[in-house]
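Structural overview
If you want the building blocks of each chain, they are given just below.
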Amino acid sequence: MTTVPTQPESVAGHGHHDEGSYLTPKGGFITTIWQWCTTIDHKKIGVMYLFAVLFLFFIGGVAALAVRMELLEPVRVLENGTVTGQLFAPTEGDIAGNNNLYNRLFTLHGAIMVFMVIIPSIPAALGNFILPLMLGAKDVAFPRLNLLSWWIYVAGSILAVGSILMGGVDTGWTFYTPYSTTTDGYFQVLLMIGGAFVLGFSSILTGLNFIVTTHKLRAPGMGWFDMPLMIWALYATSIIQVLATPVIGITLLLLIFERVFSVGIFDPALGGDPVLYQHFFWFYSHPVVYVMILPAMGIISELISVHSRKKIFGYRAIAFSSLGIAAVAFLVWGHHMFTSQGELTAAIFSALTFLVAIPTAIKVFNWIATLYKGSIALNTPMLYVLSFLFLFSIGGLTGLPLGALATDLHLHDSYFVVAHFHYVMMGGTIIAFVGGMHHWWPKMFGRMYSERWGMIGCVTVFIGFNITFFSQFILGTQGMPRRYASYVDEFQLLHVVSTIGSWVLLLGFLIHLFNFVHSLVAGEKAPADPWGALTLEWETESPPIEHNFHHEPIVTHGPYDFDTVRPPNYEGDFPMPDDYQGPTGPGSSEPAKA
Ligand code: HEM
Ligand SMILES: [Cu+2]
């Protein structure tokens, strides 16, 4: 297994290496809290996002577990009149009440996971921490704006969670009209939509900040093609955030106007058009699925190269395919509405949808080519990379039958769609996020986690995930519709399987939670560069000092030049296969055999 040495004093710079760390409190408890709340340090803002995202992931997860519990048994009315299989009935046998609460729970789950967890998880939490460090910068371009983004995120989340406390919303995370303008729960819907509206600004401002930071604050010597691929991915993501998010902002505003002032925009009863809402919504929400997946792909590019100690295969192809995905993302929104548009339109959207496969496949093939003959480390980040490759491929490939008109007519609004988007959003984004958390954890908190428990957690999550969601592909093809609290008896077996899977998933995440908490309390001190990585964030100590670097770093090599450059701060000894040709760490006199 990997042995990790403690940090040498020379790297720490100032004797004891906690000194000057951005985490060191400067004052009493209250002062420290206040300093965190008003900090313009991108690292602290990233850490605050991280904990907020994890907290909301917990709330959204509890809702998901409740939804799965309800589906353990179909609602049955027995001959003597008793009703079985309802988890949420407010009074015995109240089927409508049961379904009502069920609708609220899956809406809560979807809205929290999409708007408050997956969208900010990688860019706002990890990205905020990593982006300036990777660029060799002291901070983002607009640190105060960054603090504002954070507080806007908090405000939006409070509005949305407030709507839940007031009784919740039953529209689904897509807020489709005319239902969302007519359903009861006037204030709850307004609060939830208002929350999503406010959250959008946080997203836009973070995107803007990252774009300017990438243009202006790269370390001397770092040209565009010397940037780590994570930066390319965050850059492409930011472009989508800036361009697409205003559309959802305006759409939600129109929805609020319609609800409050009865302006006829989407409601046919008022002279509006409900399909117009779907166009607006997906014009944002399709590009946004790439806001979710592009940064995940950035993480995979970093992790796969570092943990197989191999130069990334096809650097430019990966960088440009990020931009390609960002461009195509804006042309395919109509594939969410094949059943509510004309045939020619649908055929055009279908054809455009298949274009996405090209840049996506380019990335997957490049990653696999990177692994080929690499010195693959068996550790938690690498296990997450492999999980991602497997799960995301299934997710992406099942997008094809959904993008093809003939098959989508059958699969639309079925559990197949639910399984598809969980494979891409959770199997893709969340898996990469958790993998990235392990990779950068030592940098963020200066402590190592237990590699063994990390791997056990990863395997548990992987197994639980597939049990939970693969069964849903089958359910969908058999005709199980999404968003129903009950079903015909034939579907029960697969629903039971899926629910059991959700418990295994829970176990996996709990293992990670305990591992991280244990690391914070008693973890081994992390060295500056525990993995032998070459990007700039590993050149400062772990955790970084307040201003990131003692001296402005100067870039003299590419981010993945493992065949020619020895990571300067790397002291460890990875197990290498016999034919490994790269560096073996500093101090080795043997020249790299390229
Ligand atoms: C890689 C190629 C992909 C293709 C071809 C594709 C295609 C599709 C299609 C056609 C639908 C609509 C299905 C229907 O409702 O009948 C769909 C739904 C969906 N996809 Fe994908 N997809 C891809 C990747 C992704 C990725 C990367 C994500 C997110 C990270 C994603 C997230 C979603 C979501 C959230 C929905 C359902 C939204 C809803 O109705 O609630 N997809 N996909
Ligand atoms: Cu889409």
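Criteria and cut-off values
- Residues numbered from 1 in each chain as written.
- Chains lettered and ligands numbered in written order.
- Predicted model: local features only at pLDDT ≥ 70, side-chain atom pairs only at ≥ 80, totals over all residues.
- Helix = DSSP H or I, 4+ residues; strand = E, 2+ residues; numbered from the N terminus.
- Buried ≥ 20, exposed ≤ 12 C-beta atoms within 10 Å, placed from the backbone.
- Contact = placed C-beta atoms within 7 Å.
- Near = placed C-beta within 6 Å.
- Nonpolar A, V, L, I, M, F, W, Y, C, P; charged D, E, K, R; others polar.
- Axes fitted to C-alpha atoms, helices over the stretch in contact; angles between N-to-C directions.
- Parallel < 35°, antiparallel > 145°, perpendicular 65-115°, else oblique.
- Left-handed = near helix turned anticlockwise from the far one by under 90°.
- Core = buried A, V, L, I, M, F, W, Y, C linked by C-beta atoms within 7 Å.
- pLDDT = per-residue confidence, 0-100.

**With respect to the overall build of the protein chain**
Looking only at helices and strands, the protein chain features 17 helices and two strands. Each of the 594 residues in the protein chain was classed as buried or not, and the buried ones make up 51%. Look at the contacts in the protein chain between residues 6 or more apart in sequence, and 81% of them connect residues 24 or more apart.

**Things to note about the site of ligand 1**
Around ligand 1 sit 24 residues, and of these V289, G399, H412, F421 and V424 come closest. Broken down by secondary-structure element, the contributors of at least two residues to the shell around ligand 1 are α9 (274-306), α13 (380-403), α14 (405-411) and α15 (415-445). Among the elements that take part in the shell around ligand 1, α15 stands out by supplying seven residues, more than any other. Its residues placed into classes, the shell around ligand 1 shows 11 nonpolar, 12 polar and one charged.

**Considering the packing of α15 against helix α16 (residues 451-478)**
For the pair α15 and α16, the least separation of the axes is 8 Å and the interaxial angle reads 170°. Put simply, α15 runs roughly antiparallel to α16. Helix-helix and strand crossings are classified by hand; for α15 and α16 the assignment is left-handed. Counting all contacts with α15, which are made through Y415, F416, V417, V418, A419, H422, Y423, M426, G427 and H438, the residues of α16 involved are G454, F465, F469, Q472, F473, L475, G476 and T477. Across the contact of α15 with α16, the residue classes break down as 11 nonpolar, seven polar and no charged.

**Let's talk about the packing of helix α3 (residues 42-70) against helix α5 (residues 143-165)**
Contact pair α3 / α5: the axes reach a minimum separation of 10 Å and the direction vectors enclose 15°. Considered as vectors, α3 and α5 are oriented roughly parallel to each other. α5 is crossed by α3, and the crossing has left-handed handedness. Note on element contacts: α5 touches α3 through P143, N146, L147, W150 and S157, opposite H42, I45, M48, Y49 and L56. Broken down by class, the residue content of the contact of α3 with α5 amounts to seven nonpolar, three polar and no charged.

**With respect to the environment of H518**
With respect to the helices and strands, H518 occurs in helix α17 (residues 492-522). Overall, H518 belongs to the partly exposed group, with 14 C-beta atoms counted inside 10 Å. Linking H518 and R447, residues 71 residues apart in sequence, is a C-alpha distance of 9.8 Å. Contact partners of H518, with chain neighbours within four places excluded, come to S450 and G523.

**Here's the deal with the nonpolar core**
Counting 155 residues, the largest nonpolar core has I231, A236, Y290, M292, A296 and I300 as its most contacted members. Apart from the residues lying within four places of it in its own chain, the contact partners of I231 are L131, M134, L135 and T214.

**Here's the deal with the confidence of the model for the protein chain**
Low-pLDDT portions of the prediction should not be read for the details of their coordinates. Of the residues in the protein chain, 93% reach a pLDDT of 70 or more, and the chain-wide mean stands at 91. Between residues 1-19, whose pLDDT stays under 50, and residues either more than four places distant or in other chains, the model counts 39 contacts. Ignoring residues within four places in sequence, the model shows residues 582-594, a span with pLDDT below 50, making 26 contacts including any to other chains.

**A look at the environment of S542**
Summarising the element assignment, S542 is placed in the segment after α17. Classification of S542 as buried rests on a count of 27 C-beta atoms within 10 Å. In this structure the C-alpha to C-alpha distance between S542 and K443, which are 99 residues apart in sequence, comes to 4.7 Å.

**A closer look at unusual backbone geometry**
With an omega of 0°, the peptide bond between T177 and P178 qualifies as cis. Tracing the backbone shows P178 in the loop between α5 and α6 (179-182). Here the residue pair S542 and P543 is connected by a cis peptide bond, since its omega of -10° sits within 30 degrees of zero. Tracing the backbone shows P543 in the segment after α17. Of note in the backbone geometry, R309 takes a positive phi value of approximately 45° without being a glycine. Here R309 lies in the loop between α9 and α10 (315-328). Positive phi values are uncommon outside glycine, yet N548 reaches one of about 75°. In this structure, N548 sits in the segment after α17.

**Quick word on the environment of G185**
Along the chain, G185 turns up in the loop between α6 and α7 (186-216). Sequence-distant contacts of G185, that is, excluding residues within four places in its chain, are made with G167 and V169.

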